[in-house]
Amino acid sequence: MGVLGGLCALAMLLAVPFLLLAVALKVLFALVLLPFKILGGLVKGVLGLFAGLLGGVFGLLAGGIGLVGGLLVLFLVLIALPLAPLLLLGGVVWLALKAFSPAARAV
């Protein structure tokens with residue numbers, strides 16, 4: 001185990017500078033890219049606010065269209081549908097009166 005332990009210690013001794021170099025590079029890249037991250041966060045916030053407001057406006061518009069459509073269906077079901085037989089009978093009477101009335105002569 002003495003030789004194996006010595007090899008492990010040597011491997012750790014060689015790995016530590018590379019690990020420190022990797023950490024230093026990550027910190028350097030994080031510091032270099034930090035202004036871009038801040039700018040990207042601001043742009044994302046502004047665009048998100050704009051998209052949220054636009055979505056709210058379109059949501060209200062869609063709700064209004066849905067409300068008008070619902071009221072139209074309610075009108076058709078509660079008012080026009082019960083009156084359908086009377087409307088049909090009135091249409092038949094109108095057609096009959098039109099058929100038996102004398103046609104206008106062209107001059």
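The model shown is predicted, which means the values in this text are computed figures rather than measured ones.

Asker: Looking at this model, I keep getting lost on the overall build of the protein chain. Mind explaining?
Answerer: Looking only at helices and strands, the protein chain features one helix and zero strands. Its C-alpha atoms give the protein chain a radius of gyration of 41 Å, more than 25% over the compact-globule value 13 Å for 107 residues. Considering only C-alpha atoms, the protein chain reaches an extent of 125 × 40 × 30 Å along its principal axes. Looking at the protein chain as a whole, 0% of its 107 residues qualify as buried. Per element, the accessible surface of the protein chain, about 9,700 Å² overall, is 87% carbon and sulfur.

Asker: What is the right way to read helix α1 (residues 2–100) from this model?
Answerer: The end-to-end C-alpha separation of α1 is 123 Å, well short of the 147 Å expected for 99 residues at 1.5 Å each. By the largest-angle criterion, Ala-84 marks the main kink of α1, which is about 50 degrees, and a proline, Pro-85, follows within four residues.

Asker: Quick question: what am I supposed to make of the environment of Leu-14 here?
Answerer: When you line up the elements, Leu-14 lands in helix α1. Taking the C-alpha atoms as reference, Leu-14 lies 97 Å from Leu-88; in sequence the two are 74 residues apart.

Asker: What should I look at first to understand the environment of Leu-76 in this one?
Answerer: Residue position: Leu-76 is located in helix α1. Taking the C-alpha atoms as reference points, Leu-76 and Gly-48, 28 residues apart in sequence, are found 41 Å from one another.

Asker: Hey, could you run me through the environment of Phe-18 in this one?
Answerer: Looking at where Phe-18 falls in the secondary structure, it is placed in helix α1. Between the alpha carbons of Phe-18 and Leu-83 there is a distance of 88 Å; along the sequence they are 65 residues apart.

Procedures and definitions
Residues numbered from 1 in each chain as written. Predicted model: local features only at pLDDT ≥ 70, side-chain atom pairs only at ≥ 80, totals over all residues. Heavy atoms only, no water. Helix = DSSP H or I, 4+ residues; strand = E, 2+ residues; numbered from the N terminus. Rg over C-alpha atoms; globule rule 2.2 N^0.38 Å. Buried < 20%, exposed > 50% of the residue type's maximum accessible area, 1.4 Å probe, protein only. Areas by Shrake-Rupley, 256 points an atom, 1.4 Å probe, with all protein chains shown as cover. Expected span 1.5 Å × (residues − 1). Bend = angle between axes of the 7 residues up to and from the residue.

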